[in-house]
2 protein chains.
Amino acid sequence: MVTNIKNGTFDFCETLTDDEDALARAMLERASAKWPLRVMHILAEAKGPLRFSRVLERVEGISQKVLTQTLRTLEADGLVTRTLYPQVPPRVEYELTPLGGELLVEVVGLWQWIANRLPDFEAARKAKGQTENGPKN
Amino acid sequence: MVTNIKNGTFDFCETLTDDEDALARAMLERASAKWPLRVMHILAEAKGPLRFSRVLERVEGISQKVLTQTLRTLEADGLVTRTLYPQVPPRVEYELTPLGGELLVEVVGLWQWIANRLPDFEAARKAKGQTENGPKN
DNA sequence: GATATTGGTTACCATGAGGTAGGTATAGAT
DNA sequence: ATCTATACCTACCTCATGGTAACCAATATC
């Protein structure tokens, strides 16, 4: 895996147009941001449609505004569906799409890789400050 | 893969302490941010140590301040090494660590998955606006 | 003595992302 | 007539982030 870096075949970005690059980057940022992942996780757990208020209850710490924005972005990206029932207290349901489910799985894979390497990261954090050669700054 | 969402065994987060969760989340955000990925990519391409100025030249659009911050963060996380030679025009070299190389590969995997699904995302973007049932607001 | 080099740090300013509070629409209950 | 519930939207304020520019240290060069 790391070898494809060493032998120079490490070519992402180069195979994409600028537009595609920007879109992929945007997706990556969205997928790894704080709220989208949580919201998608909640929706995945629900295994079915969820009303706005239910999501708001379960995503701890999120504000209504940000949840609205988050859901709209996820909808625009095809990761969740939004279904409006024009009742008189309006009812809106959100559900994870198959694409959203797949993306979630991919991100969770990366997440778990990171979780497995957590000791390495913590070790790096502690080992800091005395690795420099030379008396110091 | 998606099935482990459907049958309820979808449990990341729950297996981690709050500290670990926060750390993993921070790593994920860092790994997917705009500059760290580019800087690591440059460093990976170089297949060896690179001076600060060389990195600055190659990462198009980054400012000196942000590159400094980025490199310091990467160093703190054990993803790059920083070697200071206390010469009189100071010389500092940065190099990707094995851990950094592995992380890069993982993120690139996700990146490529997204790139492969780009048509789906674009389709979702276009198909927006008429999926709502009900005349609309 | 003035200046350039290298890898920063610091001060200052602009942009924007997020939080809070309030408004809106409408039917049914009181 | 008024209040409640739902899923927002809009305005306003704040705080963090990123950019620009100036400064630094020590030697070598003009």
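See the structure above.
Rules used throughout
Residues numbered from 1 in each chain as written. Chains lettered and ligands numbered in written order. Predicted model: local features only at pLDDT ≥ 70, side-chain atom pairs only at ≥ 80, totals over all residues. Heavy atoms only, no water. Near = heavy atom within 4 Å. Polar contact = N/O pair within 3.5 Å; in protein donor to acceptor, adjacent residues only side chain to side chain. Helix = DSSP H or I, 4+ residues; strand = E, 2+ residues; numbered from the N terminus. Buried < 20%, exposed > 50% of the residue type's maximum accessible area, 1.4 Å probe, protein only. Pairing = 2+ DSSP bridges. Salt bridge = Lys/Arg side-chain N within 4 Å of Asp/Glu carboxyl O. Axes fitted to C-alpha atoms, helices over the stretch in contact; angles between N-to-C directions. Parallel < 35°, antiparallel > 145°, perpendicular 65-115°, else oblique. Contact = heavy atoms within 4.5 Å. Phe/Tyr/Trp six-rings, centres within 6.5 Å; stacked < 30°, edge-to-face > 60°. Lys NZ or Arg CZ within 6 Å of the ring centre and 35° of its normal. Nonpolar A, V, L, I, M, F, W, Y, C, P; charged D, E, K, R; others polar.

Participant: Could you give me a rundown of the protein's contact with DNA strand C, with the residues and numbers involved?
Facilitator: Residues in contact with DNA strand C amount to 17 residues; listed here are only the nearest, A:V88, B:S53, B:R72, B:R82 and B:Y94. Counting only the atoms of DNA strand C within 4 Å of the protein, the fraction contributed by sugar and phosphate is 61%. Between a phosphate oxygen of DNA strand C and a side-chain N or O atom of B:R82, the distance comes to 2.3 Å. Backbone polar atom of B:V92 to a phosphate oxygen of DNA strand C: 3.5 Å apart, as the coordinates give it.

Participant: Can you break down unusual backbone geometry residue by residue, with the values?
Facilitator: All names here are of chain A. Despite not being glycine, K47 shows a phi value in the positive range, around 55°. In this structure, K47 sits in the loop between α3 (34-46) and β1 (50-51). For K47, a relative accessible area of 48% translates into the label partly exposed.

Participant: Which residues make up the sheet that holds β1(A), and what are the values?
Facilitator: Residues and elements named next belong to chain A. A sheet is described by the order of its strands in space; here three strands give the open sequence β1-β3-β2, paired in antiparallel fashion. Every other strand in the sheet has two partners, leaving β1 and β2 (80-85) as the edge strands with one partner each. Pairing geometry for β1 and strand β3 (residues 91-96), over two bridges, is antiparallel. Counted as the bridge partner of R51 is E93 from β3.

Participant: Give a description of the pattern of salt bridges that names residues and reports values.
Facilitator: Residue and element names in this part refer to chain A. The full count for this structure, using the stated rule, is six salt bridges over all chains. Between R54 and E57 there is a salt bridge, with the nearest N and O atoms lying 2.3 Å from each other. Remark: E57 and R54 occur in helix α4 (residues 52-58); sequence separation between them is three residues, near one turn of the helix. Relative accessible area serves as the criterion here: at 32%, R54 is assigned to the partly exposed category. Looking at E57, the relative accessible area reads 55%, which means it is exposed.

Participant: How would you sum up the packing of helix α6 (residues 98-116) of chain A against helix α7 (residues 118-126) of chain A? Please name residues and give values.
Facilitator: Residue and element names in this part refer to chain A. The contact between α6 and α7 brings their axes to 4 Å, and the two run at 55°. Our classification of the angle between α6 and α7 gives oblique. Along its contact with α6, which presents W113, I114, A115 and N116, the element α7 presents L118, P119 and F121.

Participant: A description of the pairing of β3(A) should follow, citing residues and the corresponding values.
Facilitator: All names here are of chain A. Across six bridges, the pairing between β2 and β3 is antiparallel. Among the inter-strand pairings, V80 is bridged to a residue of β3, identified as L96. Between β2 and the antiparallel strand that follows it, β3, lie five residues.

Participant: Outline the packing of aromatic side chains, listing residues and values.
Facilitator: This model, assessed by the stated rule, comprises zero aromatic pairs over all chains. A:R91 extends its terminal NZ or CZ atom over the ring of A:Y85, reaching a point 4.3 Å from the ring centre.

Participant: Describe the protein's contact with DNA strand D, listing the residues and the values that go with them.
Facilitator: If you check the shell around DNA strand D, you find 17 residues, and the closest are A:S53, A:R82, A:Y94, B:K65 and B:V66. Of what DNA strand D places within 4 Å of the protein, 64% of the atoms are sugar or phosphate. Within the side chain of A:Y94, a nitrogen or oxygen atom sits 2.5 Å from a phosphate oxygen of DNA strand D. Breaking the surface near DNA strand D down by element, the ones donating at least two residues are α4, α5 (64-76) and β3 of chain A together with α5 (64-76) of chain B. With four residues, α5(A) is the single largest residue contributor to the surface near DNA strand D. Here the surface near DNA strand D is built from residues that sort into seven nonpolar, four polar and six charged.

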